Amino acid sequence: MTDKFALLKNKRKRAGRDFIALGISASAILMFVGIGSTVVPEIFKNWFGLGPGPDLMLVNALLLNIALILFGWRRYSELLTELEQHQMAEENARLLAETDVLTNCLNRRSITPETDALINHSNLSGKHTAFIMLDLDNFKQINDCNGHQVGDLVLKTTAQRIRAMLPDGSLLARLGGDEFACVVSFDPSYKGRVDQLVNRLIDAVSMPIQTGELQVEITISAGISTTEANSSPATGALDAKCLLHYADIAMYHAKKQGRNRFFWFEVGMEQQLRLRNELEAGIRKGLTNGEFVPYYEQQVDLHTGHLAGFEMLARWISPELGIVNPDIFVPVAEEIGLIGDLSDQLIEQALADASQWDSSITISVNISPVQLRDPWFTQKILKSLVKHNFPAQRLEIEITETRLHENLGLVSSMIISLRNQGIRISLDDFGTGYSSLSQLQALPFDSLKIDRSIVADLARGKEESGSKIINAIVSLGDGLSIPITAEGIEDEETLERLKKMGPLKGQGYHYGLPETGEEVRARLTKLGRYRNVHAAPSEAPVPGTQAEEAHTAASRRNT
Ligand code: C2E
Ligand code: CA
Ligand code: CA
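Residues numbered from 1 in each chain as written. Chains lettered and ligands numbered in written order. Predicted model: local features only at pLDDT ≥ 70, side-chain atom pairs only at ≥ 80, totals over all residues. Heavy atoms only, no water.

Asker: Summarise the nonpolar core; cite the residues concerned and give the values.
Answerer: Membership of the largest hydrophobic core comes to 72 residues, with the highest contact counts inside it found for Trp357, Ile363, Leu385, Leu395, Ile397 and Leu498. Here the element with the most residues in this core is helix H10 (residues 339-354); it accounts for seven residues. Setting aside residues no more than four positions away along its own chain, leucine 385 makes contact with Leu351, Phe390, Ala392, Leu395 and Ile423. In this structure, Leu172, Leu201, Ile224 and Trp264 belong to the second largest nonpolar core, which totals 32 residues. (Core = buried A, V, L, I, M, F, W, Y, C linked by side-chain atoms within 4.5 Å. Buried < 20%, exposed > 50% of the residue type's maximum accessible area, 1.4 Å probe, protein only. Helix = DSSP H or I, 4+ residues; strand = E, 2+ residues; numbered from the N terminus. Contact = heavy atoms within 4.5 Å.)

Here you go:
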């Protein structure tokens, strides 16, 4: 602030001085003309011997005038140079303020006015404007794993690749972090060209980037909005701010749909985003308020009809939304990194409930593959088992087949470490993924669960194909000595068909809907299989066991 003030004062002083110099030079020119018109003819007359020489005072005054004019001229040239430098400095400052230094693209500040100008220009020539928001999918990971230098190189290369693809007159900006925006005008009759352009951008950006020994691969998600007022007037965004907002929503949608793809903005997306944000906030709140509770579904030996165990299924008792099923909240909890905490809470409650059941009854819990990346996962489970004095052999962990391949190496070592503790592992939704025989042999599962979509075929007039698949799975289980459970048994007919196929366990709405802990307690009490022993939660495991070691390790971590 002080510097600015001093600069201003300085400028004012200089302007004052320049004004005086201008006055002096102007008067010097006037005096030069006045004195010169008297002195110069007298000098010539004297040269040719026609009269006496000029008055010495007047000659001196003339010389002084000449000196003053020269001084004025120099000051004028200096002023011109100063002005040029000032203009250049202003231009540089403007460029810096409007440009992203790393990539030389426009920045978030300048893209809005530039887009508005392009929209006006396009409108005049009957064209429309498309705003393309681009976001790198795995940039944070690349930056974290390889350092900022590699991160910077990725950003610079991405900018170059995008720039090379854009038609003349388009805009390219880096909005911050790993987010870019392109603005292009297009002929409304060739809207498909925007799709082609974005497809080419996605392909170009995903080409590997080589730096020394390292090869980096990155993908990009894109959202597009347009000034075109199409069938739904609400999607016709008219100014830059609106276009940016809509393209952002569409880009976010592309991320949710699996990344490395693009979407045009549609009205429904905004609503979806709002719901999703509400869901996210609700999950955070619900977790602190203990709104997530375990429900239990019976697992039955199909031949004897004997209750063998329960599968714990999470429910969110939300004060705003009512009872919410896991298909809605589990993916969101995974995304926002809360699935581990959520699962810990549920498993704690489930073990507390199950420790009151007859010791022949098992409990299965579903876990998300994200949890298998947690190096402390086994320790946490063991700690809960110890706390509730619950034998590891009565606990089964279900891993969904479709997501088994996300990190096979980690999954396999985690399975081994859990099994070493006596916990059983089952492959859930079997038949929907791509497990090969060799994988099934390599990953030591304790049971397979036939997906309910396959079981449903038995009752849907596709009996032949349904029973062929189930028979194949049953013989596979037989060959690998792995017991099989059939999910989703909804009626007596399906049950009877399954019974003929082999020694299966089964579960499904035929045996009743999933029940609360209280309802299970009532059911087991009737069956005489509720122990009702309020076993004091034991923190001390049996000495010398692996569980004890785990308990000690976990306690050490928590202190
Ligand atoms: P899943 O493990 O395949 O669970 C079975 C799902 O099928 C449950 O849905 C259950 O209510 C439903 N179901 C059971 N019997 C029948 C039937 O006869 N017919 C039909 N149509 N459906 C039946 P739910 O509870 O909505 O769970 C959906 C999925 O959410 C589960 O599929 C499981 O993968 C996941 N999930 C549940 N609880 C948790 C959890 O605590 N953690 C994690 N990570 N995932 C969970
Ligand atoms: Ca399951
Ligand atoms: Ca299942």
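Asker: Account for helix H2 (residues 56-98), with residues named and values stated.
Answerer: Taking 1.5 Å per residue as the helical rise, H2 with its 43 residues ought to reach 63 Å, and the 63 Å between its terminal C-alpha atoms agrees with that figure. Within the sequence span of H2, burial applies to Leu62, Asn65, Gly72 and Arg75. Capping of H2 at its N-terminal end is provided by aspartate 55; its side-chain oxygen lies 3.1 Å from the backbone amide nitrogen of methionine 57. (Expected span 1.5 Å × (residues − 1). Polar contact = N/O pair within 3.5 Å; in protein donor to acceptor, adjacent residues only side chain to side chain.)

Asker: Account for the site of ligand 1, naming residues and giving values.
Answerer: Around ligand 1 there are 23 residues in total, and Glu297, Arg315, Arg452, Glu490 and Tyr509 lie nearest to it. The backbone of alanine 314 places a nitrogen or oxygen atom 3.1 Å from a nitrogen atom of ligand 1. Between ligand 1 and the protein, one listed contact pairs an oxygen atom with a side-chain N or O atom of aspartate 428 at 3.0 Å. Protein burial of ligand 1: of its 790 Å² of free accessible surface, 88% is covered by the chains. Those elements giving two or more residues to the shell around ligand 1 turn out to be strand E9 (307-318), helix H9 (326-335) and strand E13 (424-430). It is E9 that provides the largest number of residues to the shell around ligand 1, a total of four residues. Taken together, the residues of the shell around ligand 1 sort by class into nine nonpolar, five polar and nine charged. (Near = heavy atom within 4 Å. Areas by Shrake-Rupley, 256 points an atom, 1.4 Å probe, with all protein chains shown as cover. Nonpolar A, V, L, I, M, F, W, Y, C, P; charged D, E, K, R; others polar.)

These figures come from the coordinates and say nothing about function on their own.
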